[in-house]
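Fold and geometry: a report
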There are 2 protein chains.
Amino acid sequence: MHAAHYAAAVQTESTRRSLRALILDGRYPPGARLGEVEVAEALGVSRTPVREAFRALAADGLLAAAGRGVRVVELSADELTHVYRVRAALEALTAELAAERQRAGRLAPAELTDLAELADRTHRATVERELTEAVGLNRQFHRRVAELAGNPVALHSLERLWDQIQVSTRRSLHAPDRTALVDDQHRELLAAVTAGDPAAAGAAARRHVLDTCAAARPPEKE
Amino acid sequence: MHAAHYAAAVQTESTRRSLRALILDGRYPPGARLGEVEVAEALGVSRTPVREAFRALAADGLLAAAGRGVRVVELSADELTHVYRVRAALEALTAELAAERQRAGRLAPAELTDLAELADRTHRATVERELTEAVGLNRQFHRRVAELAGNPVALHSLERLWDQIQVSTRRSLHAPDRTALVDDQHRELLAAVTAGDPAAAGAAARRHVLDTCAAARPPEKE
DNA sequence: GCTGCATGCATTGCATGCAATGGACTTCCG
DNA sequence: CGGAAGTCCATTGCATGCAATGCATGCAGC
């Protein structure tokens, strides 16, 4: 920790990013307990920035205080459903807003082209069973829609929810026969936004998210 | 800060709460710059817990990094509108969920009675120009609805939004002739929830929030 | 008189020491 | 042999020291 005197600044932010990436990658799995010293040594910084990164990630819903210390969130099925419900509401909002902006002529055609391309690539990656990439592309697709909505508050809230979902559904990376359905729903959303139809876009987004929620739920108790 | 060895624990959390209260009360007005040492001395703790409280409140959207140090958020009219849009979406969700639970018979009658009483008290305080109390009661009313929804994720997100709005609209504490309208809309929401009508409840909540947003906007540029 | 720069200062970011807390392990008693 | 209590240790929470950074102030030059 003496050799690192170059990066004299923002250790704390860099630590936060690294830690977030490790958690999203599953290197620190849900429920894993994290120690300050352990992480500090792994990242080559002192305990102070680690401590602050812990707090920041806890506020983002990726870490949870666990008595003495902190652990990676481990959402129960019910909690995950709650997250999905909120996500559905927010993605419905962003889809509506994006469609409104399209109707108002405030979206550049290139932006919609990009979105379409993301849908393509997501579908392709899924078909080819490139699951990790597919997850990333899928998230990009949804993020792009939220960006088109032009509401930073909604986008930020969604990033948090996506993070939580990504962590909690990491181990069940099934690409079932929902593949075709997912693609259809992406197309439907894309079409509604392109058509500048807020109601349709919102409905499509909400349905898509809720379907995803249903698919993510454990085998059910049937 | 040697005399404070009694409260040997959770300074950090206590600091966060105190600071949040001070900001919501307007003691630290929007845009005010906060120094670690200043706050540390004011609260009788060292800089470390203050630092962590700063981070936590920044994550909650109450503080914003301002180059060297931190300042109380000061939302522009546009940003505030974005916040209100998200709030409208989330309150529509919670109203729907609350109504669903009512329909499913999962709400105790006493809970709805409480809600009605909160609406009463809010209206009364507003009429009597007890603005500070009215703001608090109004928030309690909305929070109660969110609690009835039974979705902790939505509730938590809303708490953050309410905080931001409360800070940013503090100085314009006008109780215009919206008084009657606000009360009407509260009643409407309450009635829809009581009737177990999710669609009506959601619509009422959304409209109410968006109306509040319109009223909160500066004189407009007409 | 104004602008640009240099210097000094206030303030933060990070590291580390110290004390307290909580948990785990061991041991003793029933 | 099982359970409960005591003790020990790992780990965190908080305080503070030190170095670096950015800002303001003042001076000099144009």
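Thresholds, definitions, all that
Counting restarts for each chain, with residues numbered from 1 along the sequence as it is written. Working convention: letters from A go to chains and numbers from 1 go to ligands, in the order in which they are written. The predicted origin of the model limits local features to residues at a pLDDT of at least 70 and limits the giving and counting of side-chain atom pairs to 80 or more, whereas totals for whole chains, interfaces and linings rest on all residues. As a rule here, side-chain values cover all heavy atoms of the structure and leave hydrogens and water aside. For the least-squares superposition of copies, only C-alpha atoms count, and only for residues with pLDDT at least 70 in both. Any two residues having at least one pair of non-hydrogen atoms within 4.5 Å are treated as being in contact. We define proximity as follows: a residue is near a molecule or strand when any one of its heavy atoms falls within 4 Å of that partner. Polar contacts here mean pairs of N or O atoms no more than 3.5 Å apart (in protein, one a potential hydrogen donor and the other a potential acceptor; neighbouring residues in sequence count only if both atoms are side-chain atoms). Under the DSSP-based scheme used, a helix requires at least four consecutive residues in state H or I and a strand at least two consecutive residues in state E, with every element numbered from the N terminus. Amino acids are sorted into nonpolar (Ala, Val, Leu, Ile, Met, Phe, Trp, Tyr, Cys and Pro), charged (Asp, Glu, Lys and Arg) and polar (every other residue, Gly among them). How far each domain reaches was decided by an automatic or database domain assignment. The buried area of a pairing is the accessible area, by a 1.4 Å probe, that goes missing from both parts when the two are put together, added over both. The rule for a salt bridge is simple: a side-chain nitrogen of Lys or Arg has to be within 4 Å of a carboxyl oxygen of Asp or Glu. A strand pair is defined by DSSP finding two or more bridges across the two strands.

Another aspect to go through is the relation of the copies chain B and chain A. If you rotate chain B by 180° and push it 0.0 Å along the axis, it lands on chain A with an RMSD of 0.1 Å. Expressed as an axis order, the relation between the two copies is that of a two-fold axis. A share of 100% of the interface residues of chain B reappears at the interface of chain A, consistent with the copies meeting face to face through the same patch.

On to the protein's contact with DNA strand C, then. Taken together, the neighbourhood of DNA strand C is formed by 18 residues, with Q11, S46, T48 and R68 of chain A together with R68 of chain B sitting nearest. Considering the 4 Å shell around the protein, atoms of DNA strand C inside it are sugar or phosphate in 57% of instances. For DNA strand C, a phosphate oxygen lies 2.3 Å from a polar atom in the backbone of Q11 of chain A. The side chain of R47 of chain B places a nitrogen or oxygen atom 3.1 Å from a base nitrogen of DNA strand C. Among the elements of the structure, α1 (11–24) and α3 (47–59) of chain A together with α3 (47–59) of chain B are those that each provide at least two residues to the surface near DNA strand C. When residues in the surface near DNA strand C are grouped by element, the largest group, three residues, is from α3 of chain A. Looking at the surface near DNA strand C, its residues break down into five nonpolar, seven polar and six charged.

Residue and element names in this part refer to chain A. Split into domains, chain A comes out as domain 1 (11–72) and domain 2 (77–216). Taking only C-alpha atoms into account, the centre of domain 1 sits 28 Å from that of domain 2. At the interface, 11 residues of domain 1 touch seven residues of domain 2. Both faces considered, domain 1 and domain 2 share a buried interface measuring about 770 Å² in area, 52% of it formed by carbon and sulfur atoms. A salt bridge links D163 to R20; its shortest N-O distance comes to 2.9 Å.

Even without a glycine there, the phi angle at R129 of chain A is positive, about 60°. Along the chain, R129 of chain A turns up in the loop between α5 (109–127) and α6 (131–149).

With that out of the way, let us pick up the side chain of D163 of chain A. Turning to its location among the elements, D163 of chain A is positioned in helix α7 (residues 152–168). Once residues lying within four places of it in the same chain are set aside, the contact partners of D163 of chain A are R20, L24, L62 and R139 of chain A.

Attention now moves to the sheet that holds strand β2 (residues 63–65) of chain A. All names here are of chain A. Within the open sheet, the three strands sit side by side as β1-β3-β2. Their pairing is antiparallel. This sheet does not close on itself; its edge strands, each paired only once, are β1 (33–34) and β2. Sheet topology note: the β2/strand β3 (residues 70–72) ladder contains three bridges and is antiparallel. Paired with A65 across the bridge in β3 is V70.

Before going further, it helps to spend a moment on the interface of chain B and chain A. Each partner contributes residues to the interface: chain B has 22 residues there, and chain A has 22 residues. Summing the contributions of chain B and of chain A, the shared interface buries around 2,000 Å²; its carbon and sulfur component is 63%. Our count for the contact surface shared by chain B and chain A stands at four salt bridges. Put simply, E52 of chain A and R55 of chain B hold a salt bridge, and the shortest N to O gap is 2.8 Å. Applying the counting rule to chain B against chain A returns eight residue pairs in polar contact (both at pLDDT 80 or more). Mapped onto the side of chain B that touches chain A, the elements with two or more residues apiece are α1 (11–24), α3, α4 (77–103) and α7 (152–168) of chain B. Top element by residues in the side of chain B that touches chain A is α4 of chain B. It accounts for eight residues. A class-by-class count of the residues in the side of chain B that touches chain A yields 11 nonpolar, five polar and six charged.

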